[in-house]
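Each chain, written out:
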Amino acid sequence: FDGTVEENITVGRPHLTAHDALDVLQRVGLGRWVEEQPLGLRTQLRNGGRGLPTNVVSRLLMAQAIVGAPRLLIIDEIGYLPIDRQGANLFFQLIS
């Protein structure tokens, strides 16, 4: 989580672009949040998402999981994610 928003979304996926990152952020409901940040996708994030609202952290995690449309997604212990019912419903909509 230490790095920019874009780096956090595209980590380990060198073929993904800033456009891909912004697209997935919009799909998880963070498009407006990114636009409101002075540096946009270049906004620096701190390790563990410190200083961010819980709903932003959970949606960033969703974006990391679904960016690039993985063929296989293993979800382990979703009950431990900082996610509310609306976020969980959105996540399951996005992966189905």
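For the structure, see preceding data.
Residues numbered from 1 in each chain as written. Predicted model: local features only at pLDDT ≥ 70, side-chain atom pairs only at ≥ 80, totals over all residues. Heavy atoms only, no water.

Before going further, it helps to spend a moment on the nonpolar core. Among the nonpolar cores identified, the biggest contains 21 residues, and V5, I9, L25, L30, W33 and L60 are the most heavily contacted of them. Every element with two or more residues in this core is listed here: α1 (5-10), α2 (18-27), α3 (31-36), α4 (54-66) and α5 (85-95). The dominant element in this core, judged by the number of residues it contributes, is α4, at six residues. (Core = buried A, V, L, I, M, F, W, Y, C linked by side-chain atoms within 4.5 Å. Buried < 20%, exposed > 50% of the residue type's maximum accessible area, 1.4 Å probe, protein only. Helix = DSSP H or I, 4+ residues; strand = E, 2+ residues; numbered from the N terminus.)

Right, let's get into the environment of R13. With respect to the secondary-structure elements, R13 resides in the loop between α1 and α2. Dropping the residues within four chain positions of it, R13 is found in contact with Q64 and V67. Here the side chain of R13 touches Q64 through a polar contact of 3.3 Å, landing on its backbone oxygen. (Contact = heavy atoms within 4.5 Å. Polar contact = N/O pair within 3.5 Å; in protein donor to acceptor, adjacent residues only side chain to side chain.)

So, about the side chain of R59. Here R59 shows up in helix α4. A polar side-chain atom of R59 sits 2.8 Å from the main-chain carbonyl oxygen of V28. In this view, R59 contacts V28, G29, L30, Q86, G87 and L90; residues no more than four positions away in its chain are not counted.

This paragraph deals with the environment of V34. Here V34 shows up in helix α3. Along the chain, V34 and L22 lie 12 residues apart, while their C-alpha atoms are 8.2 Å from each other. Those residues in contact with V34, other than ones at most four positions away along the chain, are L22, L25, G40 and L41.

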